[in-house]
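# Reading the structure
The chain contents come next:
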Amino acid sequence: KGPDPDLVAIAERLATVKHKILVLSGKGGVGKSTFSAQLSYALAAMDFQVGLLDIDICGPSIPKMLGLEGQDIHQSNLGWSPVYVESNLGVMSIGFMLPDPDDAVIWRGPRKNGLIKQFLKDVYWGELDFLVVDAPPGTSDEHISIVQFLQATGIDGAIIVTTPQQVSLIDVRKEVSFCKKVGVPILGVVENMSGLSQPLTDFRFMKMTETGEHTDVTEAFLEFMKTEAPERVDLIAFTEIFDSSAGGAAKMCREMNVPFLGKVPMDPQLCKAAEEGRSCFTDKKCGVSAPALKSIIEKL
Ligand code: ADP
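The rules behind each value
- Residues numbered from 1 in each chain as written.
- Predicted model: local features only at pLDDT ≥ 70, side-chain atom pairs only at ≥ 80, totals over all residues.
- Helix = DSSP H or I, 4+ residues; strand = E, 2+ residues; numbered from the N terminus.
- Rg over C-alpha atoms; globule rule 2.2 N^0.38 Å.
- Buried ≥ 20, exposed ≤ 12 C-beta atoms within 10 Å, placed from the backbone.
- Contact = placed C-beta atoms within 7 Å.
- pLDDT = per-residue confidence, 0-100.
- Near = placed C-beta within 6 Å.
- Nonpolar A, V, L, I, M, F, W, Y, C, P; charged D, E, K, R; others polar.
- Expected span 1.5 Å × (residues − 1).
- Pairing = 2+ DSSP bridges.
- Arc of directions from axis to C-beta.
- Core = buried A, V, L, I, M, F, W, Y, C linked by C-beta atoms within 7 Å.
- Axes fitted to C-alpha atoms, helices over the stretch in contact; angles between N-to-C directions.
- Parallel < 35°, antiparallel > 145°, perpendicular 65-115°, else oblique.
- Left-handed = near helix turned anticlockwise from the far one by under 90°.

## Description of the overall build of the protein
Across its full length, the protein carries 10 helices and 13 strands. Here the C-alpha atoms of the protein give a radius of gyration of 21 Å, agreeing with the 19 Å that 2.2 N^0.38 yields for 300 residues. In terms of its C-alpha atoms, the protein occupies a principal-axis envelope of roughly 80 × 40 × 40 Å. Taking all 300 residues of the protein together, the buried fraction comes to 42%. For the protein, the share of sequence-separated contacts (at least 6 apart) that also reach a separation of at least 24 residues comes to 78%.

## A word on the confidence of the model for the protein
Taken as a whole, the protein shows an average pLDDT of 92; of its residues, 98% reach a score of 70 or greater. Scoring the predicted complex yields pTM 0.94 and, for the interface, ipTM 0.99.

## Concerning the site of the ligand
Near the ligand lie 18 residues; those nearest to it are G31, S33, T34, C271 and A274. For the shell around the ligand, the residue count by class is seven nonpolar, nine polar and two charged.

## Structural notes on helix α2 (residues 32-45)
Taking 1.5 Å as the rise per residue, α2 with 14 residues should run 20 Å; its terminal C-alpha atoms sit 20 Å apart, in good agreement. The element α2 is extensively covered by neighbouring structure, given that 13 of its 14 residues are classed as buried. D47 sits one or two residues past α2 and shows a positive phi near 70 degrees.

## Re the pairing of strand β2 (residues 50-54)
Most of β2 is tucked away, with five of its five residues classed as buried. Neither face of β2 is open: one carries V50, L52 and D54, the other G51 and L53, and all of them are buried. Here β2 pairs with strand β6 (residues 89-93) via five bridges, running parallel. Counterpart to L52 in the pairing with β6 is V91.

## Comments concerning helix α10 (residues 289-299)
Helical geometry note: an α-helix holds 3.6 residues per turn, so side chains three or four residues apart project in the same direction. Of the positions making up α10, those classed as buried are S289, A290, A292, L293, I296 and I297. All buried residues of α10 project into a common sector of 160 degrees when viewed along the axis, lining one side. Counted as exposed and oriented over 90 degrees from the buried face of α10: E298 and K299. Here the buried face of α10 lies against α2, β9 (186-199), β13 (260-266) and α9 (268-276).

## Focus on the nonpolar core
One finds L22, V23, I55, V132, V133, A158 and I160 to be the most contacted residues of the largest nonpolar core, which totals 76 residues. Of the residues forming this core, the biggest block, seven residues, is contributed by α2. In contact with I160, not counting residues within four places along its chain, are L24, S25, V172, E175, V176, I186 and V189.

## A few points about the packing of helix α1 (residues 5-13) against helix α4 (residues 109-122)
Where α1 meets α4, the axes come as close as 7 Å, and the angle between the chain directions of the two elements is 40 degrees. Classified by the interaxial angle, the pair formed by α1 and α4 is oblique. The residues of α4 that touch α1, namely those facing D6, A9, I10 and R13, are K117, L120 and K121. Of the residues belonging to the contact of α1 with α4, the class tally is three nonpolar, no polar and four charged.

## As for the environment of S289
Here S289 shows up in helix α10. Expressed as a C-alpha distance, the spacing of S289 and M266, which sit 23 residues apart in the sequence, is 7.4 Å. Discounting residues that sit within four places of it in the chain, S289 has contacts with V264, P265, D267, Q269, L270 and C280.

## Comments concerning unusual backbone geometry
Within the chain, D47 stands out as a residue other than glycine whose phi angle is a positive 70 degrees. When you line up the elements, D47 lands in the loop between α2 and β2. We classify D47 as exposed; it has 9 C-beta atoms within 10 Å. For M193, which is not glycine, the phi dihedral falls at a positive 60 degrees. Relative to the helices and strands, M193 is located in strand β9. Overall, the presence of 25 C-beta atoms within 10 Å leaves M193 in the buried class.

## Describing the packing of α4 against helix α5 (residues 141-151)
The interhelical angle for the contact between α4 and α5, taken along N-to-C directions, is 25 degrees, at an axis separation of 10 Å. Between α4 and α5, the angle falls in the class roughly parallel. Between α4 and α5 lies a crossing whose hand is right-handed. Here α4 contributes G109, K112, N113, I116, K117 and L120 to the contact with α5, which in turn contributes D141, E142, S145, I146 and F149. Looking at the contact of α4 with α5, its residues break down into four nonpolar, three polar and four charged.

In structure tokens:
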């Protein structure tokens, strides 16, 4: 039996891509797509030629996070053309292809695999320094296919995104074992939503009555701060949201002997950047999360 013609086609197609990075998570909603999007923006800002491929079939959020909602992809004689945010940042998402995004949720494995395979085979990226692949959450059959397809041309490694609490970390352990089993190097683990961090002046301050109603006393409180402790008004308030008393992702990484890349706090400005489809590093820079993301990306 000769080599699988699909794998040969994928290898040929991706031969012009220097580095392939897979972004994984054990659960949904931990910030995997947000990280993939911001990583792509950061690499593009460093003047690399970047492709972002979203194969999260059941929840393709990349078009929105890159400000490309409602865009169509075009086919040329070279293949499907990605949608470009900048000349050096191209995006391809299952979201661009689904007439009704609700459809794919009920697809079975083989149909999803078929689509992923088609994506890897038929998208024309041209020369790329980096291809960032935003995978679906978990370790399903799709993941085995993705890894198998990408390994046809060599894969640099995976970044695993998690939140700090144990219910999320349990699934990350499975993700780490999966990578080890299928031979994908782990570039590291990112702990996202590691506490909420934001300037004091961005909070609303509430007084709760005995009946549980909240009265907004922000103005009075900030006025008080400005007169009584003006040097404290620029403080950043921080609180843990998820329980990390068990040591969070850093401890898990030490135990499993994989690199820990760092923590990104929950930052309302980052959520806004994702909603508005923009980079957190430029423009309305996300004060608390951008430096954390930058230091993580520099470690890669
Ligand atoms: P996943 O890809 O893991 O399902 P998403 O990247 O779609 O998760 O993130 C889920 C939601 O959480 C999105 O609305 C996103 O904007 C928000 N989010 C992700 N990370 C952060 C963060 N550090 N601070 C604030 N909001 C975040």
